[in-house]
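Topology and contacts: notes
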Amino acid sequence: MKIQYWLNGKVENDEIAPGQMLYDLLRKKGCYSVKCGCETTACGLCTVWLEEKPVLSCAVLAARIDGKHVTTLEGLQGEAQKFARYMGQEGSDQCGFCNPGFVMNVLAMVRELGNPTEEEIKEYLAGNLCRCTGYVSHMRVLKQYLTEKGKGMRL
Amino acid sequence: MREINRVVMKKDALQLVTGKPAYTEDLAPEGCLIVKALRSPHARAVVRHVDTKAALAVPGIECVLTAEDVPKTRFTIAGQTYPELSPYDRLILDTQIRYVGDPVALVAGRDAACVDKAMRMIKVEYDVQEPLLDFHQAVDNPIIVHPEEDWNPRVPVGGDNKRNIIAQAEEDWGDVDAAFQKADVVIDRTYHTKQVQQSMMETFRAYTYLDEFGRLVIVSSTQVPFHVRRIVATALEIPKSKIRVIKPRIGGGFGAKQTVVMECYPALITLRTGKRAYMVYTREEAMTVSSPRHEADVHVRLGASRDGMIQVISVESLWNGGAYGDHSPTTVTLSGHKSIPLYNRFSAFRFRYTAVYTNTIAAGAYRGYGATQGIFALESAVNELADTLHMDPGALRLQNIVQQGETMPAYFNETALSCNLGECLKRVQSMIDWEHVYPRQVLPNGKIRAAGLALAMQGSSISNVDVASATIKVNDDGFYTLSIGATDMGTGCDTILAQIAAECLDCSVDEIVTRGVDTDTSPYDSGSYASSTTYLTGMAVVKTCRSLIEKMKEKAARMLEHADASELEFTGDAVVDPASGRKVTRQELGNAAMITNDIALEATETHYSPTSPPPFMAAVAVVDVDPETGHIDLVDYAAVVDCGTVINPALARVQTEGGLVQGIGMTLMENVQFDSNGRIQNNSFMQYRIPGRMDIGSIRVEFAPSYEPNGPFGAKSIGEIVINTPAPAIAEAVYQATGLRFTELPITAEKVYMGLKSKK
């Protein structure tokens, strides 16, 4: 079937197989930031935005993006670069494989919650697994990032 | 010290966080054949016949290989230095099935859809046999997992395939039986740990192709590129010179990728078809046909005097190797060698072990490498000893632990040249306000808060075995390239080793470009495992820098028309003649090396270590247990680590935090369960839960450095030790909260609830 959609702001027209998942389509389109860690919607690595809301691209049919806007980390490089410095300074990137999905959710959270509490942050990001860091450094990164963004964290 | 003990951002951080293509799958070219394995649903069977006709007729299918199509040389996939202690007991495809998931056929086709379709159309006739699933029953069981005559132990490690024994040994020091007779108190317990999955986010994967010289190139997510080359050459019966292995960025390893789990499959397909091939393991495959931590029974006996002096320690380990030997002969030794030496006041110790074959998934290497199981057992027993004697477990340990300068009879008589374990212990107790938190208090909400303590050790590289090398080159304008054979898997070694080089060469880290592994061009390194990279490759870097400085001086002497290079001084930016004040800048040197030159501004040095200096640590877990539900909340975890000099505090901290959380997962939630036919039930992240950020309370890490004279700038290892404390510390905290002594992991709410119920 044919679909038309916006990928990182640009109109795309594609012929897709009926059962094709968004994850596979995005990798084919060269969005290599999108990773797969589990195939069962348990890890959060394949997180992208559909109409500005985070979704797990391994569980979204490509057919569902017809007429809609999809954003991957490739489309958010400015913000990603800024956030990456905070991650890098804390050594929180580690193997890096889960980072893009995590960053997609962080950037969505900042838009959605403004200045969240620690509990809200944990809940919002609960679906993003990471095996390297143990998550503690993520919170240090987020505290600095939010503070310096002028948002701060609610205590 | 400019670059040592300084936070430096990982060289790849910005690329990785922003999602740039860097991993195996990102780099795999278009048009690779997709390779998948058809796997046995039976734990033990003989494959009588495989009918591939219909599968081969599926459009897009390139080839289907079965046992009759593959080489017949047995090999091991354990990524270890040759000759491996692991028996050669595998074939790429075998007619004898030894566990659920053993491959029966390899299918390659133009896309995943046609391969899936073809796999459904392969008909396999099995002669299903009764499996051997219980590792306690393995020795001398009538069911023999490896009946083959060509079972081949390259190095004698006490194995006997006809008895299902992979490895076996015993070691006694002092009069063990007499020491137990003299002891006032004896603690005698057996601890059971289950298989645990490394669960790195990037599963196993590799792509293969023939290059312009007809050589086989393997791009693999591996910790052991040079071992991949040797192992694949052995398995495919081709010369090692025909293989080149490249390691891109790795999405986590934790030891899983110290086993050459799947590289042979796409490699064989490429050899047979001449075409590019790509294979990626699904998460289910990564959970069921991979290289998890060994299930183990560790029987500990401790004999002590009434005043809490540990007089004798006995550790006897039974190791479930599963279907293949892999890392069994080596991991099992750490259960004693890297637990008993924590204490050093005893007059005798005993360490005995047996690793056995069963018809379950073959176990491999996982951070801690056997020490984790041993330390859970020994540290739990020490906690019980303290409890039995009504002593503070910290005070009891302080009077028994190894001290700097002492010889460790349980650690190959090595001397602890760097040990700050006592300080780790005291510091962690003060961090956690031990006096008030231990042993327990009832909270207003009815939960019981309690604390538990544990110590840990590991090694730094495999003494007298591991080899590490580094090559450093001076380039145009004087920038350096550092080539290493060690594999950064997210640990940051590309950066850490550059920090060490920058310190030696008196320049900034940014002036050093690190180039990771390509077996054609990188200097030899055993690989990144056994806590070896910072300690061993780091030392190779130090030696290389020394040699390179001599070369730069030699070149500068020539340029200054100075007779004696030894009179010149290297200042980082230049080589200076102190007598005349004349100098040649590094920029000039680098450029001069590229015109009319016969002095290579390049050095390679290689290093091994006759010792394996242990890092040490102490940790306290604080839990809230709900007596109504059995739910355990890990509210605080404090750890103090002695890894020698901390090269990069940010990376060392995150290594520690990550290792602790993996250990916490193993202790509280990660639970591999088999059904009665030997099938793993927990084969996805839905059924096999690893910790998420909601599962983690406060985790606090501090360092209490010692100075290791044999390490680079005093450094020891940190990568593995950090996984070892959570199991014994949390088990003790749960005991203090509930009175229930858990000797089996994981400790779940269900087990606590049932335990409390049966106590009433």
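Note on numbering: residues in each chain are counted from 1, in written sequence order. Here the convention is simple: chains get letters from A, ligands get numbers from 1, in the order in which they are written. For this predicted model, a pLDDT threshold of at least 70 governs which residues receive local features, and a threshold of 80 or more governs which side-chain atom pairs are given and counted, while totals over whole chains, interfaces and linings are taken from all residues. Each side-chain value is derived from all of the structure's non-hydrogen atoms; neither hydrogens nor water enter the calculation.

**Overview of the interface of chain B and chain A**
Residue contacts follow a heavy-atom distance rule, with two residues in contact if any of their heavy atoms lie within 4.5 Å. Of the residues lining the interface, 53 residues belong to chain B; the matching set on chain A comes to 52 residues. The buried area of a pairing is the accessible area, by a 1.4 Å probe, that goes missing from both parts when the two are put together, added over both. Between chain B and chain A lies a buried interface of about 4,200 Å² when both sides are counted; carbon and sulfur atoms form 58% of it. A pair is scored as a salt bridge if a Lys or Arg side-chain nitrogen falls within 4 Å of a carboxyl oxygen belonging to Asp or Glu. Linking chain B to chain A there are six salt bridges. With a closest N to O distance of 2.8 Å, A:R131 and B:E670 form a salt bridge. Pairs of N or O atoms are called polar contacts if they sit within 3.5 Å, as long as, within protein, a hydrogen donor faces a hydrogen acceptor (for residues adjacent in sequence, only side-chain-to-side-chain pairs). Put simply, chain B and chain A have 25 residue pairs in polar contact (both at pLDDT 80 or more) between them. Elements that contribute at least two residues to the side of chain B that touches chain A include exactly α1 (13-17), α2 (24-27), α8 (283-288) and α17 (649-668) of chain B. Strands are runs of DSSP state E lasting at least two residues, helices are runs of H or I lasting at least four, and both sets are numbered from the N terminus onward.

**Considering empty space enclosed by the protein**
Residue and element names in this part refer to chain B. The way it works is a 1 Å grid over only the protein atoms, where trapped points that fit a 1.4 Å probe form a cavity and open points with protein on both sides within 12 Å along at least five of seven lines form a pocket, and then any residue with an atom within 4 Å of a point lines it. Grid points are joined across faces, edges and corners, and a volume is the space filled by probe spheres set on the points. Using the criterion set out here, one finds eight cavities of 30 Å³ or more in the structure. Approximately 590 Å³ is the volume found for the largest cavity. Lining the largest cavity are 39 residues; nearest its centre among them are T491, Q655, I718, G719 and E720. Contributing elements (two or more residues each) for the lining of the largest cavity: α14 (493-505), α15 (533-560) and α17. Only Asp, Glu, Lys and Arg are considered charged, only Ala, Val, Leu, Ile, Met, Phe, Trp, Tyr, Cys and Pro nonpolar, and every remaining residue, Gly among them, polar. Per-class residue counts for the lining of the largest cavity are 18 nonpolar, 18 polar and three charged. Quantified by volume, the second largest cavity comes out at close to 210 Å³. Along its surface, the second largest cavity is lined by 21 residues, and I77, R90, P103, V261 and Y265 are the ones closest to its centre.

**Side note on α17(B)**
In this model, α17(B) (20 residues) spans 28 Å end to end at C-alpha, consistent with the 28 Å of a helix rising 1.5 Å per residue. α17(B) sits mainly inside the fold: 18 of its 20 residues count as buried. Expected span of a helix, by definition, is 1.5 Å for each gap between consecutive residues, and there is one gap fewer than residues. We call a residue buried when its accessible area falls under 20% of the maximum for its residue type, exposed when it is over 50%, and partly exposed in between, using a 1.4 Å probe and counting protein chains only.

**A closer look at the pattern of salt bridges**
The final tally for this structure, using the stated rule, is 60 salt bridges over all chains. Residue B:D488 pairs with B:R249 through a salt bridge whose shortest N-O separation is 3.9 Å. Residue B:D488 is located in the loop between β21 (480-484) and α14, and its partner B:R249 is located in the loop between β11 (243-246) and α7 (264-273); the two are separated by 239 residues in the primary sequence. Counted as one network, the salt bridges with shared partners bring together A:D93, B:K10, B:D12, B:R249, B:D488 and B:D494.

**Focus: the packing of helix α5 (residues 136-148) of chain A against α17(B)**
Only C-alpha atoms enter the line fits that serve as axes; for helices the fit covers just the stretch in contact. Angles between N-to-C directions range over 0 to 180 degrees. Where α5(A) contacts α17(B), the axes come no closer than 8 Å and their chain directions differ by 130°. Compared by their axis directions, α5(A) and α17(B) come out oblique. Of the residues in α17(B), those touching α5(A) at A:V136, A:S137 and A:R140 are B:R653, B:V654 and B:E657. Tallied by class, the residues present in the contact of α5(A) with α17(B) amount to two nonpolar, one polar and three charged. Small angles under 35 degrees read as roughly parallel and large ones over 145 as roughly antiparallel, with 65 to 115 read as roughly perpendicular and the rest as oblique.

**Description of the pairing of strand β3 (residues 47-50) of chain A**
A regular strand carries its side chains on alternate faces of the sheet. Residue and element names in this part refer to chain A. Residue alternation in β3 divides its side chains into two sets, T47 and W49 and V48 and L50, and both sets are buried. Two strands are counted as paired when DSSP detects at least two bridges linking them. Both β3 and strand β4 (residues 53-56) contribute to a ladder of four bridges, which runs antiparallel. Among the inter-strand pairings, T47 is bridged to a residue of β4, identified as L56. The antiparallel hairpin formed by β3 and β4 contains two residues in its connecting segment, where E51 sits at a positive phi of about 50°. Summarising the sheet, β3 and strand β5 (residues 69-71) pair through two bridges and their orientation is antiparallel.

**What about the nonpolar core?**
Within soluble globular proteins, side chains that are nonpolar tend to cluster in buried spots. All names here are of chain B. We define a nonpolar core as any set of buried Ala, Val, Leu, Ile, Met, Phe, Trp, Tyr and Cys residues linked to one another through side-chain atoms lying within 4.5 Å. Core analysis: the biggest nonpolar cluster contains 190 residues, and I92, V232, L302, Y343 and Y637 have the highest contact counts within it. Look past the residues within four positions of Y343 in its chain and what remains in contact with it is I310, I313, L378, E379, V382, R397, N400, I401, V402 and L455. Listed in part, the 47 residues of the second largest apolar core include V8, I500, A501 and A557.

**Some points on the sheet that holds strand β19 (residues 448-457) of chain B**
All names here are of chain B. One open sheet accounts for five strands, arranged β18-β19-β27-β28-β29; its pairing is mixed. The sheet is open, and its two borders are formed by β18 (440-442) and β29 (698-703), each paired with just one other strand. Mean inter-strand twist for the sheet, computed between neighbouring axes without regard to direction, equals 15°. Pairing analysis gives six bridges linking strand β28 (residues 632-642) to β29, with the strands arranged parallel. When the sheet's bridge partners are listed, Y637 is paired in β29 with I699. Strand contacts of helix α12 (residues 421-431): β19, β27 (616-625), β28 and β29, with the helix running at about 145° to β28, the strand carrying the most contacts. Docked against the sheet, α17 engages β27, β28 and β29, running at close to 135° with respect to β29.

**Section: the layout of surface pockets**
To locate leftover empty space, one rolls a probe as large as a water molecule over the atoms. Considering only enclosed or pocket space, the second largest pocket measures out at about 790 Å³ in volume. Along the walls of the second largest pocket sit 36 residues, with B:R693, B:M694, B:D695, B:I696 and B:G697 positioned nearest its centre. Counting residues per element, the ones that place at least two in the lining of the second largest pocket are α4 (118-124) and α5 of chain A together with β28, α17 and β29 of chain B. Examining the composition of the lining of the second largest pocket, we find that five residues originate from one element, α5(A), more than from any other. Residue composition of the lining of the second largest pocket, grouped by class: 17 nonpolar, 10 polar and nine charged.

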